[in-house]
Amino acid sequence: MEQRFLTIYWRDMLRYVRFRTLLLSSLVQPALWLAFFGIAMSSSFDAVAAQAPAVTGIPQVGYLTFMCAGVISMTTLFTSLFGGMSLIFDKNWGLLREVMAAPMPRSNIVLGMGLSGITKSGIQAGIILAFGLLLGVRFFAGYSPLQVVIAVLGIFAFVSVFSLGFVFLSSAIAISMESPEGMQGIMTLLTMPIFFASNALYPVEAFPEALRVLSLANPLTHVVTGIRYFAIGPEFSAIGRTFTCSTADLLVSFGALFLFAAVTFLLALHRVRVARVT
Amino acid sequence: MQDDVIRVEGLSHRFDDLVAVDGVSFRVRPGEVFSFLGPNGAGKSTVINVLTTLLPLQEGEVVVAGHDLRTEPDRVREAIGIVFQEVTLDRDMTVAETLLFHGRLYGLLRGELRERTDELVRLVELETKRDVLVKHLSGGMKRRLEIARGLMTRPTVLFLDEPTIGLDPQTRARMWDYLRGVNQDGTTIFLTTHYMDEADQLSDRIAIIDRGRIIAEDTPLALKNALGQDLVYLETADNGRARAVLEADPAVTGVREKGPAGLLVTVSEDGTRIVPRLLESLREGGITLDGLNIKKPSMDDVFIHHTGRALRDEGAEPFAAVMGRRR
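For every chain, the first residue of the written sequence is number 1, and numbering continues from 1 onward in sequence order. Written order determines the labels here, with chains lettered from A and ligands numbered from 1. A pLDDT threshold of at least 70 governs which residues receive local features in this predicted model, and a stricter bar of 80 or more applies before side-chain atom pairs are shown or counted, although totals over entire chains, interfaces and linings include all residues. Side-chain metrics rest on all non-hydrogen atoms present in the structure, leaving aside hydrogens and water.

Asker: I would appreciate a short explanation of the overall build of chain B in the present structure.
Answerer: Numbering goes from the N terminus for both helices and strands, where a helix is a DSSP run of H or I of at least four residues and a strand is a run of E of at least two. Scanning chain B from N- to C-terminus turns up twelve helices and 14 strands. Projecting the C-alpha coordinates of chain B onto the three principal axes gives extents of approximately 80 × 45 × 40 Å. Think of it in three bands: with a 1.4 Å probe and only protein chains considered, a residue is buried below 20% of the maximum accessible area for its type, exposed above 50%, and partly exposed in between. For chain B, buried positions account for 54% of its 327 residues. The contacts in chain B between residues at least 6 apart in sequence include a share of 69% that link residues at least 24 apart. Computed with the Shrake-Rupley method and a 1.4 Å probe, the accessible areas treat only the protein chains shown as cover for residues. For chain B, the accessible area works out to roughly 14400 Å², and carbon and sulfur atoms hold 47% of it. The charged-residue count follows a simple rule in which Lys and Arg add positive charge and Asp and Glu add negative charge, with His and chain termini not counted at all. Taken as the charge location is NZ of Lys, CZ of Arg, CG of Asp or CD of Glu. Separation of charge centres in chain B, based on 43 positive and 53 negative side chains, amounts to 3 Å. Residue contacts are counted whenever heavy atoms from the two residues lie within 4.5 Å of one another.

And the structure:
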């Protein structure tokens, strides 16, 4: 069986653990988001939300708990979008020529990159979860141990598929880019609308119609929906609003993410296949 | 006789409007070192990139190690090793990891990986650097590591694109030793170079390539012999008149200007026998001689003979070349 994508994966992970500062900063940065932005926002939002009448019968969560799903998703987005960056470095100064000249289907390159994106995102998501719980994020409240395990698996499933989509997209862009600076520019351009036109930090229901439609087509909205479903529950209230997510909604969100990953996989595969590196 | 390791017929390659390779044909026999010699931009790298499958085959027929490049590119890839012109190593991987990565890309098994890594770090004398990061290696060590990597899969033919570019003279000489060793162990070598001495030192056969075409192909000795027996370099007070006198001699086959003050005379007989006669003629013509040298033709001269000019990117150093490289 073809398993040379594991070689690509092994090498990418080798670099991940070898660049200590990069590794450390990528782990600390989301924690800082949670600690500073999260705590600052929740202290003001929770004060406002306290004036709204409490909805009875469903769990009520603070802003920190609400936005923690957003921070996990955002971190995954950043990490995955930059996942393809190593292709540019490899193309200009490294191993890509050797890889392209190897008697191996190019799909291995795409799969290897994807697997490494999942691993990095998974590690980060785990750390934010743990750190968030320490800071007072009320995830898994009232869950049995089995429910916690299922919830964590569910979160990782959503994060993984979401991550794959953006690693593939990033690889598809990177394979034909000449400079890391140009890539950085495109990524910065992409991240802002994706991050803010989503339900990561606030509910999308109050958005103007156009922005709301955009947010529904945004993979980030769907991964946040999935994480909240597993970590908080199908129905809860936060910042004075009620959020519900039926099993059907959940499947739609997962389906959307899966479709996104499938499309970007085909795109990346095509781009890597036609790429010439000399 | 065994089949040719590389057989190329009518290979052409263009980039948009630029014709980089223009109808090149050649054969490389098993066990030989075959060189493409030519200036930068002559099309050498394009040929090597097509032969190693990095560029598509646009026009022509290419068979490498018994496999048709067009129909079986993966079989070709399995049969070859490549050392690229630029360093293509990951600075943040160790020597052993670099070899391991390559071997795994080519699907070597665990036992083979260890065995060949051991064998190759020994061959290129990097045993003590096994677990050192590539960024801490010298330029020569990086090159040796790339050669070792190219040999990981025990290729039938090893392609090297400008293998000693940017290396100091001692390191180059050692690199040549390694390559001779690799060749003696049975690996056919195809290399490109714009260094005359490199082609001369290493090759069994040389193809001189310029502007996308092969303009001469033979053994180094035959290429040099084709120029006539010897070259006589002269500097006189009046090169114009000296030229007429020299061309009148029956043993002189050609006179060309070389450098700002010199004349290069090709003669059909042993130079040491003819020079006294030439000097006598010049003296009779009243032409003062300022300098003189006799030498066997070098690859430089062969190149100039065939292209009418020196290698484009090499500085002109006529006298130093004559004085310094007698063979």
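Asker: Sorry, what's going on with unusual backbone geometry here?
Answerer: Note on backbone geometry: most residues besides glycine have negative phi, and most peptide bonds are trans. Residues and elements named next belong to chain B. Positive phi, close to 50°, is recorded for Ala65, a residue that is not glycine. Among the secondary structure elements, Ala65 is positioned in the loop between β4 (59–64) and β5 (67–68). Note on Ala65: relative accessible area 23%, which makes it partly exposed. Notably, Arg211 is not glycine yet its phi reads approximately 50°, a positive angle. Turning to its location among the elements, Arg211 is positioned in the loop between β9 (205–210) and β10 (213–218). The exposed category is assigned to Arg211, whose relative accessible area is 55%.

Asker: How should I be thinking about the interface of chain B and chain A in this particular structure?
Answerer: In many analyses, interface size is given as the accessible surface area lost on bringing the parts together. With 29 residues of chain B at the interface, the matching set in chain A holds 25 residues. Between chain B and chain A the total buried area reaches about 2500 Å² when both faces are included, carbon and sulfur atoms providing 61% of it. A pair is scored as a salt bridge if a Lys or Arg side-chain nitrogen falls within 4 Å of a carboxyl oxygen belonging to Asp or Glu. Across the chain B-chain A interface, the total number found is five salt bridges. Put simply, Asp90 of chain B and Arg15 of chain A hold a salt bridge, and the shortest N to O gap is 2.8 Å. Side-chain atoms alone can form a polar contact between residues adjacent in sequence; in general such a contact is a pair of N or O atoms within 3.5 Å, and within protein one must be able to donate a hydrogen while the other accepts it. Along the contact surface separating chain B from chain A lie ten residue pairs in polar contact (both at pLDDT 80 or more). Contributions of two or more residues to the side of chain B that touches chain A are made by α2 (73–79) and α3 (95–105) of chain B. The dominant element in the side of chain B that touches chain A, judged by the number of residues it contributes, is α3 of chain B, at six residues. Taken together, the residues of the side of chain B that touches chain A break down into 13 nonpolar, seven polar and nine charged. Defined here as a combined quantity, buried area equals the accessible surface (1.4 Å probe) lost by two parts on assembly, summed across both. Think of it as three bins: nonpolar holds Ala, Val, Leu, Ile, Met, Phe, Trp, Tyr, Cys and Pro, charged holds Asp, Glu, Lys and Arg, and polar takes everything else, Gly as well.

Asker: Just to check I follow, could you spell out the layout of surface pockets for this structure?
Answerer: Sizing a probe to match a water molecule and rolling it over the atoms shows the empty space that remains. Residues and elements named next belong to chain A. Method remark: on a 1 Å grid restricted to protein atoms, a set of points is classed as a cavity if a 1.4 Å probe fits but cannot get out and as a pocket if it is open with protein on both sides within 12 Å along at least five of seven lines; lining residues have an atom within 4 Å of a point. Grid points are joined across faces, edges and corners, and a volume is the space filled by probe spheres set on the points. Each pocket or cavity is described by its volume, and for the largest pocket that value is around 820 Å³. Lining the largest pocket are 28 residues, with Leu22, Phe82, Met85, Ser86 and Lys120 sitting closest to its centre. Broken down by secondary-structure element, the contributors of at least two residues to the lining of the largest pocket are α1 (5–18), α2 (20–49), α3 (63–81), α4 (85–93) and α6 (107–135). Classifying every residue of the lining of the largest pocket by side-chain character gives ten nonpolar, ten polar and eight charged.

Asker: Please clarify how the pairing of strand β2 (residues 241–244) of chain A should be interpreted in this entry.
Answerer: Walk down a regular strand and you will see the side chains alternate between the two sheet faces. Bridge analysis of strand β1 (residues 235–238) of chain A against β2 of chain A gives four bridges, and the strand direction is antiparallel. Within β2 of chain A, the residue paired with Ala238 of chain A across the bridge is Arg241 of chain A. In this analysis, strands are considered paired if DSSP registers two or more bridges between them.

Asker: Just checking my understanding: could you explain the nonpolar core for this structure?
Answerer: All names here are of chain B. Throughout, nonpolar core names a set of buried Ala, Val, Leu, Ile, Met, Phe, Trp, Tyr and Cys residues whose side chains join them through atoms within 4.5 Å. In this structure, Ile6, Phe26, Leu51 and Phe190 are the most contacted members of the largest nonpolar core, which totals 111 residues. Contact partners of Phe190, with chain neighbours within four places excluded, come to Ile6, Phe26, Val28, Phe34, Phe36, Val47, Ile48, Leu51, Val157, Leu158, Phe159 and Leu160. By size, the runner-up hydrophobic cluster in this structure holds 30 residues, among which are Leu137, Ala148, Leu151 and Leu167.

Asker: Quick question: what am I supposed to make of empty space enclosed by the protein here?
Answerer: Per the counting criterion, the structure on display carries three cavities of 30 Å³ or more. Approximately 100 Å³ is the volume attributed to the largest cavity. Residue lining of the largest cavity: Ile8, Arg11, Asp12, Ser86, Leu87, Asp90, Leu95, Leu96, Val99, Ile109 and Met113 of chain A together with Phe101 of chain B, and that is the complete set. Of all the secondary structure elements, the ones that give two or more residues to the lining of the largest cavity are α1, α4, α5 (96–100) and α6 of chain A. Looking at the lining of the largest cavity residue by residue, the classes come out as eight nonpolar, one polar and three charged. Reported here for the second largest cavity is a volume of approximately 50 Å³. Along its surface, the second largest cavity is lined by Glu98 and Ala101 of chain A together with Ile82, Phe84, His102, Tyr106 and Arg149 of chain B. For the lining of the second largest cavity, the per-class residue count stands at four nonpolar, one polar and two charged.

Asker: Looking at this structure, I do not really get the pattern of salt bridges. What am I missing?
Answerer: Where charged atoms from two side chains of opposite charge approach closely, those side chains can pair. Overall, the coordinates contain 34 salt bridges over all chains when judged by the stated rule. Glu32 of chain B is the partner of Arg205 of chain B in a salt bridge, and the nearest nitrogen-oxygen pair spans 2.7 Å. Taken together, the residues span a long stretch of sequence, with Arg205 of chain B in strand β9 and Glu32 of chain B in the loop between β2 (18–28) and β3 (33–37) at a distance of 173 residues. The class of Arg205 of chain B is buried, set by a relative accessible area of 8%. A relative accessible area of 7% places Glu32 of chain B in the buried class. A salt bridge links Glu162 of chain B to Lys44 of chain B, with the shortest nitrogen-to-oxygen separation between them at 3.5 Å. Of this pair, Glu162 of chain B sits in the loop between β7 (157–161) and α6 (169–184) while Lys44 of chain B sits in helix α1 (residues 44–51), and the two are 118 residues apart along the sequence. A relative accessible area of 4% places Lys44 of chain B in the buried class. Through salt bridges with shared partners, a single network forms among Arg11, Arg15 and Asp90 of chain A together with Asp90 of chain B.

Asker: Even after reading the chapter, I still don't get a nonpolar patch on the surface, so can you show me in this structure?
Answerer: On the surface, Leu24, Val28, Leu32 and Phe36 of chain A cluster together into a nonpolar patch covering about 410 Å² of accessible area. Along the polypeptide, Leu32 of chain A turns up in helix α2. To count toward a patch, a residue needs a relative accessible area over 30% and no salt bridge; like charges are then connected within 9 Å, while nonpolar side chains (Val, Leu, Ile, Met, Phe, Trp, Tyr) are connected within 5 Å.

Asker: Hey, could you run me through helix α10 (residues 219–231) of chain A in this one?
Answerer: Every α-helix carries 3.6 residues per turn, so stepping three or four residues along brings you back to the same face. All names here are of chain A. Working rule for helices: expected span equals 1.5 Å times residues minus one. For α10, spanning 13 residues, the distance from its first C-alpha to its last is 18 Å, which sits close to the expected 18 Å at 1.5 Å a residue. With 13 of 13 residues buried, α10 is to be regarded as a mostly interior element. By the N-cap criterion, in which a side-chain oxygen at the helix start approaches the backbone nitrogen of a residue two or three places on, α10 is capped by Asn218, the distance to Leu220 being 2.9 Å. In the stretch just after α10, Gly233 is the one whose phi turns positive, near 140°.

Asker: Just to check I follow, could you spell out the sheet that holds β5 of chain B for this structure?
Answerer: In a beta sheet, neighbouring strands are held together by backbone hydrogen bonds and run either parallel or antiparallel to one another. All names here are of chain B. Taken together, four strands build an open sheet; the order of strands is β2-β1-β4-β5 and the sheet is antiparallel. Every other strand in the sheet has two partners, leaving β2 and β5 as the edge strands with one partner each. Note that β4 and β5 share two bridges and pair antiparallel. Among the inter-strand pairings, Val63 is bridged to a residue of β5, identified as Asp68. An axis is simply a line fitted to the C-alpha atoms; with a helix, the fit covers only the stretch in contact. Between two such axes, the angle follows the N-to-C directions and lies from 0 to 180 degrees. Those strands touched by α1 are β1 (6–15), β2 and β4, and its axis lies near 115° from that of β1.

In short, shape yes, function no, at least from these values alone.
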